[in-house]
Amino acid sequence: MAALPRRIIKETQRLMQEPVPGISAVPDDTNARYFHVIVTGPEDSPFEGGLFKLELFLPEDYPMSAPKVRFITKIYHPNIDRLGRICLDILKDKWSPALQIRTVLLSIQALLSAPNPDDPLANDVAELWKVNESEAIRNAKEWTRRYAMDN
Amino acid sequence: MSETVIDERVTDEIAALKAILLDDELNIKENDRGEPECIETVLFPSTGEDSQSQYVCVTLIVQLPVGYPDISPTISLRNPRGLDENTVRLMQSDAEAKCKDFIGQPVMFELIELIREHLTRSNLPTDQCAICLYGFREGDEFTKTECYHYFHSHCLAAHIAAAERYYREEQEKLPQWQQDATNKFQAICPVCRESINCDVESLWSAPPPIDVEAAIDFSVTTELRELQKQMAALFLRQQQRGGIIDLEAEGVKTLVRTEDEPGATTDGPNPPGTSLNAYSNQNMQPVNHMQMPQSKQSSQTQNHAHYQSRQLHHNYHGHNNHGHRNRGRGRAHYRRQFDRVRQTESTPR
């Protein structure tokens, strides 16, 4: 039995050969199950212009169980808590082995475009998002500018 | 008079279609004047009565414009199953050519015949298994689900077993009154989430996919190394401006340390500032589960230890040949392999 499942190798090669626009995922030098990820903030979202670092880890029984993903860069979002943990169904009970690293990261990017304060992980952020959306969006933009822009 | 007279050629064609195809095989939509405007039918390869050995299918949708058959209809092929993109594209262009040839005459039967021929010719899944991402080879055992999705039997067995394990674990976490009384696990298709029914025992007896076994090893390329550098640089820049989530300050690290295996913390493989460990302890829970982290402590501890030992194992055995001394040679070797893979991948199967 190989140290690293073939599927992980194949996904890694594809990520290099056919990169997804706005997403890069690079395996770590010492642990090929650990990926350094950058997701760019989607256009027309409060996260536009931001480069968000995430870490992604493929557990031993991947793809039978979901990758573990977490934001490393601070982000103001109702479905992402202050530890960077993400509330997304496909990372939990809606995981399917037909999903891949690239589809997971695309879903996370889509979550940035469509915050869902009714299914909150960061309660205070979600609360503000519901009672005063414009202020919440201002905060999200400010956090993006302060922490995630690279200039 | 404004009363519409439907072209006799069309009424005859529709009547013949209805006579030949079964009701559930044919869907004809009419506009508000009662003229047929769209014909939809699911097509299978011609295998006689044997539906078990039909491995591919596609839905043919034909939009009839006003003036058909003197004007060509619009063809679309939806829900292809077991077919790769190239095959579907070829079917599409052949069908369009056929429509051109038949301007002025009804073309539905010709189209159905054409698509069936294509399906019969490629009546073996040409797409890849969505679970392992490798193709189907001569000698591979594969399974067709009720929803016409294909998986290597071995891969599907692994999926169903893992999904059932997950289901049981989730059930056990719930208070008794919330548990599913039937305690009956329902497997679903990994691609479309339709319920599927399979005999897992017999699936497990299948050998692993041939391509998976024969795949080449992977090592780090120059491009990869360059990307790694860029990532690391961005991390440092964001860290300098306080943009990186500080797990230590959030009190997570303390939680982690208590579970760490001796030795795993000091020279662990995690890049600086990262937190693989945090996952195992602080599983990302939907918010309604977050109020009761204590109850999950024990299982998480186990997971964590499990992961740590695995990670160590991986480092000892998986990367021995990536040391600095061998780096140059390994890279060249990988290049060659890489190019070969690229070639085989671009060759349509």
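Scoring rules and cut-offs
Residues numbered from 1 in each chain as written. Chains lettered and ligands numbered in written order. Predicted model: local features only at pLDDT ≥ 70, side-chain atom pairs only at ≥ 80, totals over all residues. Heavy atoms only, no water. Buried < 20%, exposed > 50% of the residue type's maximum accessible area, 1.4 Å probe, protein only. Helix = DSSP H or I, 4+ residues; strand = E, 2+ residues; numbered from the N terminus. Pairing = 2+ DSSP bridges. Axes fitted to C-alpha atoms, helices over the stretch in contact; angles between N-to-C directions. Contact = heavy atoms within 4.5 Å. Core = buried A, V, L, I, M, F, W, Y, C linked by side-chain atoms within 4.5 Å. Expected span 1.5 Å × (residues − 1). Arc of directions from axis to C-beta. Polar contact = N/O pair within 3.5 Å; in protein donor to acceptor, adjacent residues only side chain to side chain.

Participant: Go over the pairing of strand 1 (residues 23-27) of chain A, please, and point to the residues and values.
Facilitator: Residue and element names in this part refer to chain A. Most of strand 1 sits inside the fold, with 4 of its 5 residues counted as buried. As paired strands, strand 1 and strand 2 (residues 34-40) are joined by 5 bridges and run antiparallel to one another. Among the inter-strand pairings, Pro27 is bridged to a residue of strand 2, identified as Phe35. Counting the residues in the hairpin turn of strand 1 and strand 2 gives 6 residues.

Participant: Break down the sheet that holds strand 4 (residues 74-81) of chain B for me, citing the residues and quoting the values.
Facilitator: Residue and element names in this part refer to chain B. Strand order across the open sheet formed by 4 strands is 1-2-3-4, with antiparallel pairing between neighbours. Pairing within the sheet leaves two strands with one partner each, and these edge strands are strand 1 (26-30) and strand 4. Strand after strand, the sheet turns through a mean of 15 degrees between neighbouring axes, direction not considered. Relative to strand 3 (residues 57-63), strand 2 (residues 36-43) runs antiparallel, the two being bridged by 6 bridges. When the sheet's bridge partners are listed, Thr41 is paired in strand 3 with Leu60. Of the strands in this sheet, strand 3 and strand 4 touch helix 2 (residues 85-101), which is tilted by about 155 degrees from strand 4.

Participant: So, the nonpolar core: which residues are in play, and what are the values?
Facilitator: Side chains of a nonpolar character, in soluble globular proteins, are inclined to be buried together. Leu54(A), Phe71(A), Ile86(A), Ile101(A) and Ile108(A) are the most contacted members of the largest nonpolar core, which totals 42 residues. When contributions to this core are tallied by element, the ones reaching two or more residues are helix 1 (6-17), strand 1, strand 2, strand 3 (51-57), strand 4 (68-71), helix 2 (101-113), helix 3 (123-131) and helix 4 (133-148) of chain A. Element by element, the count of residues in this core is highest for helix 2 of chain A, at 6 residues. If we skip the residues at most four places from it in the chain, Phe71(A) touches Phe52(A), Lys53(A), Leu54(A), Ile80(A), Leu83(A), Gly84(A), Ile86(A), Ile108(A), Leu112(A) and Ile245(B). If you look at the next biggest cluster of nonpolar residues, it comprises 28 residues, including Leu43(B), Tyr68(B), Leu83(B) and Val88(B).

Participant: An account of helix 2 of chain B is needed here, citing residue identities and associated values.
Facilitator: Residue and element names in this part refer to chain B. Helix length check: helix 2, at 17 residues, gives a terminal C-alpha distance of 25 Å against a target of 24 Å (1.5 Å per residue), a fit within 8%. When helix 2 is considered as a whole, its buried residues turn out to be Thr87, Val88, Met91, Gln92, Ala95 and Cys99. Seen end-on, helix 2 carries its buried residues on one side only, within an arc spanning 135 degrees. Of the exposed residues in helix 2, the ones pointing more than 90 degrees away from its buried face are Arg89, Lys100 and Asp101. Of the surrounding elements, those touching the buried residues of helix 2 are strand 3, strand 4 and helix 3 (108-121).

Participant: How would you sum up helix 7 (residues 222-240) of chain B? Please name residues and give values.
Facilitator: Every α-helix carries 3.6 residues per turn, so stepping three or four residues along brings you back to the same face. Residue and element names in this part refer to chain B. Helix length check: helix 7, at 19 residues, gives a terminal C-alpha distance of 27 Å against a target of 27 Å (1.5 Å per residue), a fit within 8%. All of the buried residues along helix 7 are Leu224, Arg225, Gln228, Met231, Leu234, Phe235 and Gln238. A positive phi of about 75 degrees marks Gly242, the residue just after helix 7.

Participant: Would you mind going over the side chain of Glu11(A) in detail, with residue names and values included?
Facilitator: Residues and elements named next belong to chain A. Inspection of the secondary structure assignment puts Glu11 in helix 1. Take Glu11: its relative accessible area is 4%, and that puts it in the buried class. One polar contact links the side chain of Glu11 to the main-chain amide nitrogen of Ile101, over a distance of 2.7 Å.

Participant: Hey, could you go over unusual backbone geometry for me, with residue numbers and the actual values?
Facilitator: With an omega of 5 degrees, the peptide bond between Tyr62(A) and Pro63(A) qualifies as cis. By the secondary structure assignment, Pro63(A) is in the loop between strand 3 and strand 4. Note the cis peptide between Tyr68(B) and Pro69(B), where omega equals 10 degrees. If you trace the backbone, Pro69(B) turns up in the loop between strand 3 and strand 4.

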